[in-house]
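Listed below, chain by chain, are the residues.
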Amino acid sequence: REKKSVDTTENFKRRHSKLINSSRLLYQEYSDVALNKAIQSQKRVDYPEDIESSLPSSPRLRRKVLSPQDSYLQRLSVSSNASLWQDIPMIRGSRILLNMSREEQRLQEAKFELIISEASYLRSLNVAVDHFQRSAELQAMLTNQERQWLFSRLSDVRDVSASFLFDLEEKFEEDMFTFRVCDVALKHAPDFRRVYLPYVTNQTYQDQTFQRLLSGNAGFQQVLERLESDPVCQRLSLKSFLILPFQRITRLKLLLQNILKRTRPGSVEEVQATQAYDALEKLIKDCNENVQRMKSTEELIYLSQKIEFECKIFPLISQSRRLVKCGELTALDFNNLSPKWKVTTRPIYLHLFNDCLLLSRPKEGGRFVVFDHAAFSYVRVEKCEMKLHGANKNLFRLFLLQNNQGKRVEFLFRTETHSEKLRWISALAPPRGELDLLECPDAPQVQCIKTYKARENDELALEKADIIMVMQYSNDGWIEGVKLSDRERGWFPSEHVENISSKHVRQKNLKEEQRVKNAKQQVFCKK
C-alpha cells in the first residue's frame, strides 16, 4: 500500500479498519462487560485447573451454528459483548485449533481481546472527536484556551489508536492462528508516550475546566445536554469519553500482562510481551508522576499562603516535596500534678510531607500557625493501648526525635475513628521496601467490584477487577492493601471490593504476578 503522507495514512487506516464496527458497543460498555468477566473468573472456587469462564471445555463445543460462508466480521457482529477468537467460523472448524493445547488457545484469546478491545476503543474515540470536540455548537461556547484544556490532544490520541489498530489487523489477517500483537504494541510505544503523557498530565486542567463550564456557563450546559442525548453517543456523557484515554492506557498494560503470563518461558514472544509491558508500565508511572507533581505544586503554593511560622521558618515550596497526609487531630495533655490525672485536649493540625512533618494550631479561615516541625527521618509513631475513660479511644503516640530546636518531644493523639488512627500510623511509619508477594501466601486478597476514586493522598484508586492484597482492616469499613498489578499501596472503603475466598485462585494470582516479575528480570538482566 502506498503511503503519501502521515495525515493521509492516518485517515486511510481509520477508514479501512475492519473491526471498528464489529460490535454496536462503545468502549465504555465493552470495557464494563470485559471487567465483569474478569471479576467472575476470581469467584471460581477450588477447580483443579484454571478454567477460563470465556473458554469452553472443548474447542468442539459450539455456542451457535453458523454457516461456513460467514466472515469473521459477520461473526463478530453477532455478539453483543466481547467476542472470542475461537468463535470465528474459520477458526472453530479447523484442524489447527483441535491440535492446539489449551494454553496455546488461551494465549490467542488474550491477544485477540487486545485487538477487539482496541477497535471498540477507537469507535468511542471517533464519537468523542467527531461528535463532541468538532461540534460547531460546542466550539462556539468555548474560548481557545478552554478548548485546549477540555479536549487536550484527543485527536492525536485517536490517530495513534487508528494506526495501532490498523497494524494489529494486518498482523491478524496475515495468520489468524498464530498472530502476534506484542511486537506491534512495542513498535507503537513511542507514539503512545507522545500523546498519552501530555493528555494525562492535562487531567487537572481538564477537570477544573469541565466543572467551571458546567457550573458557570449555561450555554455550554444546554449544548452538552443536546449532544449527550444523541443516539450516536448512546446517551453517554462527555465526561465518560474524556476519561477513556486514562482508562485505556491502564487497561492496555493489563492486557499485555495477561498475554505475557501465557507466553512460553524463554520464547521470542515472551521477550516481546515483556518489553511491551515494561514500556507501558513506565509510561503509566511517568503519567502518574506528572499528575502528582502538578497536584503537589498546587497544594504547596496554596498552603504557603495559609501557613505562618512562630518557630524556625523553612521554605515550604520545593520541587521534590509532596503532601502525604494532612488533618486535624486531638492532642491529649495530662496534668500529673492533679491527683486524678486530669486530661486536657487541644486541636493540632498535621501536615505530613514526604520529607518533613509540620504541627500547627488551626485558625479561622483555614489558616495555620506552625509551632513545631521535624524532618521525616526524625519522626516515630507507635500504637497506644492505654485505657482511658469516656471518648478517649483511638490513641497513638508521636515522637519527634529532633524537632526544630533540636529537642525530643512527644505527643499523644486521639482520632475520631479507628480507620483514621490506623491511617496516621501507617503514613507516619518509616518507608517500606517493595513487598515480596510470595512471602505472603496466606494474606487475604480482595477484588474491586466498583471503581473508587482516591479522595485523599493516602488512598488507593481502584478500577473494576483490580486484585489487592490486604495488609490490614479497620473496624469501621476501611482496608489498607497493595495492588498486585503495580504494588501501589493505600486505603480504600470495603464496600468497593469483595473477598476472594478460593485459596487456589489467590495462589494463582500470586504465581502470575511472580511470573511477570521473573520475565522482566530475565529480559532486562541480559542486557
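Everything below is about the structure printed above this text.
Residues numbered from 1 in each chain as written. Predicted model: local features only at pLDDT ≥ 70, side-chain atom pairs only at ≥ 80, totals over all residues. Heavy atoms only, no water.

Some remarks on the packing of helix H14 (residues 244-262) against helix H17 (residues 503-525)
Thinking step 1. Running from N to C, H14 and H17 point in directions that differ by 85°, and their axes come no closer than 9 Å. Classified by the angle their axes make, H14 and H17 are roughly perpendicular. Residues Gln257, Leu260 and Lys261 of H14 pack against Glu512, Glu513, Arg515, Val516 and Ala519 of H17. (Axes fitted to C-alpha atoms, helices over the stretch in contact; angles between N-to-C directions. Helix = DSSP H or I, 4+ residues; strand = E, 2+ residues; numbered from the N terminus. Parallel < 35°, antiparallel > 145°, perpendicular 65-115°, else oblique. Contact = heavy atoms within 4.5 Å.)

What about the sheet that holds strand S13 (residues 497-499)?
Thinking step 1. As summarised here, the arrangement of the five strands in space is S12-S11-S10-S9-S13, forming an open sheet in which the pairing is antiparallel. With partners counted over all chains shown, the strands left at the sheet margins are strand S12 (489-493) and S13, one partner each. The average undirected angle you get between the axes of adjacent strands in this sheet is 45°.
Thinking step 2. Where strand S9 (residues 445-448) and S13 come together, three bridges link them in antiparallel fashion. Considered in S13, the bridge of Gln447 is made with Glu498.
Thinking step 3. With respect to the sheet, helix H16 (residues 418-428) is in contact with strand S10 (467-473), strand S11 (478-483) and S12, its orientation differing from that of S10 by roughly 105°. (Pairing = 2+ DSSP bridges.)

Topic: the nonpolar core
Where a protein is soluble and globular, its nonpolar side chains tend to be buried together.
Thinking step 1. Trp85, Leu114, Phe132, Phe151 and Leu256 are the most contacted members of the largest nonpolar core, which has 77 residues in total.
Thinking step 2. Take this core: its biggest share by element is 14 residues, from helix H6 (residues 102-133).
Thinking step 3. With residues near it in sequence (within four places) discarded, Trp85 still touches Ile91, Leu97, Met100, Gln105, Gln108, Glu109, Phe112, Phe172, Met176, Phe177 and Phe179.
Thinking step 4. If you look at the next biggest cluster of nonpolar residues, it comprises 22 residues, including Leu329, Phe396, Leu400 and Phe413. (Core = buried A, V, L, I, M, F, W, Y, C linked by side-chain atoms within 4.5 Å. Buried < 20%, exposed > 50% of the residue type's maximum accessible area, 1.4 Å probe, protein only.)

Quick notes on helix H10 (residues 182-201)
Thinking step 1. Roughly 45° is the biggest bend found in H10, and it falls at His188, with proline Pro190 one to four residues downstream.
Thinking step 2. Within H10, the full set of buried residues consists of Cys182, Val184, Ala185, His188, Ala189, Phe192, Val195, Tyr196, Leu197, Tyr199, Val200 and Thr201. (Bend = angle between axes of the 7 residues up to and from the residue.)

Describing the packing of helix H2 (residues 27-41) against H6
Thinking step 1. Remark: H2 packs on H6, axes separated minimally by 8 Å, with the N-to-C direction vectors making an angle of 150°. In terms of axis orientation, H2 runs roughly antiparallel to H6. Residues Tyr27, Gln28, Tyr30 and Ala34 of H2 form the contact with H6, whose own contacting residues are Glu113, Ile116, Ser117, Ser120, Tyr121 and Ser124.
Thinking step 2. A per-class count over the contact of H2 with H6 returns five nonpolar, four polar and one charged. (Nonpolar A, V, L, I, M, F, W, Y, C, P; charged D, E, K, R; others polar.)

Some words on the pairing of S10
Thinking step 1. Two strands pair when backbone bridges link them, and S9 and S10 are joined in this way by three bridges, in the antiparallel orientation. Residue pairing in the sheet places Gln445 in a bridge with Met469 of S10.
Thinking step 2. Where S10 and S11 come together, five bridges link them in antiparallel fashion. For Gln472, the partnering residue across the bridge sits in S11 and is Glu480.

Quick notes on the packing of aromatic side chains
Thinking step 1. With the rule as written, the count across this model stands at 14 aromatic pairs.
Thinking step 2. A centroid spacing of 5.1 Å and a plane angle of 85° characterise the contact between Phe164 and Phe192, whose relative ring orientation is edge-to-face. Here Phe164 is found in helix H9 (residues 154-174), whereas its partner Phe192 is found in helix H10, with 28 residues between them in sequence. Both residues of the pair, Phe164 and Phe192, belong to the buried class.
Thinking step 3. When the centroid spacing of 5.5 Å and the interplanar angle of 45° are considered together, the rings of Tyr199 and Phe246 count as tilted. A residue pair is termed long-range when its members are at least 10 positions apart, and Tyr199 in helix H10 and Phe246 in helix H14 qualify at 47 residues. There is no split in this pair, since Tyr199 and Phe246 are both buried.
Thinking step 4. A network of ring pairs unites the aromatic residues Tyr27, Tyr30 and Tyr121 as a single cluster.
Thinking step 5. Note that Lys111 overlies the ring of Phe179, its terminal NZ or CZ placed 5.6 Å from the centroid. (Phe/Tyr/Trp six-rings, centres within 6.5 Å; stacked < 30°, edge-to-face > 60°. Lys NZ or Arg CZ within 6 Å of the ring centre and 35° of its normal.)

A closer look at the pattern of salt bridges
Thinking step 1. Under the defined criterion, the tally for this structure stands at 39 salt bridges.
Thinking step 2. One salt bridge connects Arg106 with Glu103, and the closest N-O pair in it is separated by 2.4 Å. Here Arg106 pairs with Glu103, and both are found in helix H6, just three residues apart, close to one helical turn.
Thinking step 3. Glu103 sits in the partly exposed class, given a relative accessible area of 43%.
Thinking step 4. With its nearest N and O atoms 3.7 Å apart, the salt bridge here joins Asp486 to Lys483.
Thinking step 5. Assessed through its relative accessible area of 12%, Lys483 is described here as buried.
Thinking step 6. In this structure, a network of salt bridges that share partners links the residues Lys325, Glu420, Arg423, Glu456, Asp458 and Glu459. (Salt bridge = Lys/Arg side-chain N within 4 Å of Asp/Glu carboxyl O.)

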